[in-house]
Amino acid sequence: MITLAIQKSGRLSEKTVKLLHECGIAFENGGSSKLKSKAGNFPMQILYLRDDDIPECVSDGIADIGIVGENVYLEKKRPLAIVERLGFARCRLSIAVPKSMEYDNVGDLNGLNIATSYPNILKTFLKDNKIVANIHEISGSVEIAPGIGLADAIFDIVSTGSTLLSNGLREVETVLFSEAILVAGENLPEKVRKLLDKLLFRIRAVQTARNRKYILLNALNEQIDEICKLLPGMKSPTIMPLSTPGWSSLHSVIEEDEFWEKIEALKTAGAQGILVIPIEKMIV
Ligand code: ATP
Ligand code: ZN
């Protein structure tokens, strides 16, 4: 049995549960009252916690692994291994100052009172930049601190920047880009390690598939070479003759990022009837 700690309810929960389901792990969702549940078809127990408690819970061995924001992992400074970056719950942690304040460079932070819920990450940043400032730790609504005279600046999560703007603040230094990560205790028993490897294999198959699309298209045989050059695929594209003489169907895999650019190039090279379909799992 492997025990996984996840956020009970918040910005990480939905995507975490979705990822586990995509990995074929069936369990009843925690709901608001549930503390733990057991997967039906994988030897896994799931603990539902506040995200702040996840690093400690894993380093203390109450859970073997956990899914948490990198920001919380860095702040808590627990001895854990980052096993995989999960690509969701992306956000950045930045320093913001009142719009009216003159700000040229990081040196302008010297002597300020900075309010934050992430004192450890901020301390490291200030030290790295040889800034001497006062860290004022508060647990929530950090962005209102300058407005009520509690601080000169803040260090907090920024998602869109609109919260900053509505509080009369301006983002001046981005300190950290964060995403959800899978963390593990440092000395997992062999049996648990094997289950983690199994889970990781599935997570990677889901992640790889997520960034790619399966593409099918038709083209005249003489255009196939040109089209193949545009589609590196996993190895080489599959080419099959169509019942119409002189035509072939070509199947391949393309990266999501280059999707639109490729489609245009393919059309120009003579591709027709292009179909692009999602891939559920991909084992490379
Ligand atoms: P809990 O009740 O579990 O303590 P919380 O209120 O501390 O929850 P959430 O707001 O649910 O935390 O955010 C959880 C994590 O999601 C953050 O630590 C961060 O890694 C990530 N995140 C992504 N985008 C945002 C965002 N726009 N605002 C806050 N957190 C975000
Ligand atoms: Zn929290």
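Residues numbered from 1 in each chain as written. Chains lettered and ligands numbered in written order. Predicted model: local features only at pLDDT ≥ 70, side-chain atom pairs only at ≥ 80, totals over all residues. Heavy atoms only, no water.

All right, on to the overall build of the protein chain then. Regarding its fold elements, the protein chain presents eight helices and 15 strands. By principal-axis analysis of the C-alpha atoms, the protein chain measures approximately 80 × 50 × 35 Å. Across the 284 residues in the protein chain, those meeting the buried criterion constitute 45%. For the protein chain, restricting intrachain contacts to residue pairs at least 6 apart in sequence, the fraction spanning at least 24 positions comes to 68%. As displayed, the protein chain has an accessible area near 15,200 Å², and 50% of this comes from carbon and sulfur atoms. Placing the 33 positive and 36 negative side-chain charges of the protein chain at their respective mean positions leaves the two points 6 Å apart. (Helix = DSSP H or I, 4+ residues; strand = E, 2+ residues; numbered from the N terminus. Buried < 20%, exposed > 50% of the residue type's maximum accessible area, 1.4 Å probe, protein only. Contact = heavy atoms within 4.5 Å. Areas by Shrake-Rupley, 256 points an atom, 1.4 Å probe, with all protein chains shown as cover. Lys, Arg positive; Asp, Glu negative; His and termini not counted. Charge placed at Lys NZ, Arg CZ, Asp CG, Glu CD.)

The next thing to look at is the domain arrangement of the protein chain. Considered domain by domain, the protein chain is made up of domain 1 (2-88 + 180-208), domain 2 (91-178) and domain 3 (212-278). Each of domain 1 and domain 3 was reduced to a C-alpha centroid, and the two centroids are 38 Å apart. (Domains from an automatic or database assignment.)

Judged by side-chain polarity, Ile144, Ile148 and Leu150 come together as a nonpolar surface patch covering roughly 260 Å² of accessible area. Residue placement: isoleucine 144 occurs in the loop between β8 (134-137) and β9 (153-158). (Patch = residues over 30% accessible without salt bridge, like charges linked within 9 Å, V, L, I, M, F, W, Y side chains within 5 Å. Salt bridge = Lys/Arg side-chain N within 4 Å of Asp/Glu carboxyl O.)

Next up on the list: the coordination of the zinc ion (ligand 2). Coordination of the zinc ion (ligand 2) by the protein comes from Asp51 (OD) and Asp52 (OD), over a distance range of 2.0 to 2.1 Å. One can describe the site at the zinc ion (ligand 2) as irregular: its four donor atoms subtend angles covering 75 to 174 degrees at the metal. (Donors = N, O, S within 2.8 Å, 3.2 Å for Na, K, Ca; no water. Tetrahedral: all angles 85-135°; square planar, octahedral: opposite > 155°, others 65-115°.)

If you trace the backbone, histidine 251 turns up in strand β14 (residues 247-255). The exposure class assigned to histidine 251 is buried, which follows from its relative accessible area of 15%. Within the structure, the side chain of histidine 251 is placed 3.1 Å from the side chain of serine 249, a separation counted as a polar contact. With sequence-adjacent residues up to four places away left out, histidine 251 is seen in contact with Tyr214, Ile215, Leu216, Pro237, Thr238 and Met240. (Polar contact = N/O pair within 3.5 Å; in protein donor to acceptor, adjacent residues only side chain to side chain.)

Moving on: the pattern of salt bridges. A side chain of one charge can pair with a side chain of the opposite charge if their charged atoms are brought near each other. Per the counting criterion, the structure on display carries 16 salt bridges. Glutamate 28 is the salt-bridge partner of lysine 34, the closest N and O atoms lying 3.8 Å from each other. Look at lysine 34 and you get partly exposed, because its relative accessible area is 27%. The class for glutamate 28 is exposed, based on a relative accessible area of 59%. Through salt bridges with shared partners, a single network forms among Glu70, Arg85, Arg90 and Glu179.

With that out of the way, let us pick up the sheet that holds β9. Pairing within the open sheet is mixed, and its five strands lie in the order β8-β7-β9-β6-β10. Of all the strands in the sheet, just β8 and β10 (169-178) have a single pairing partner and so form its edges. Strand after strand, the sheet turns through a mean of 25 degrees between neighbouring axes, direction not considered. Relative to β10, strand β6 (residues 91-98) runs antiparallel, the two being bridged by eight bridges. Among the inter-strand pairings, cysteine 91 is bridged to a residue of β10, identified as serine 178. The strands touched by helix α4 (residues 119-128) are β6, β7 (113-116), β8, β9 and β10; relative to β8, the strand with the most contacts, the crossing angle is about 170 degrees. (Pairing = 2+ DSSP bridges. Axes fitted to C-alpha atoms, helices over the stretch in contact; angles between N-to-C directions.)

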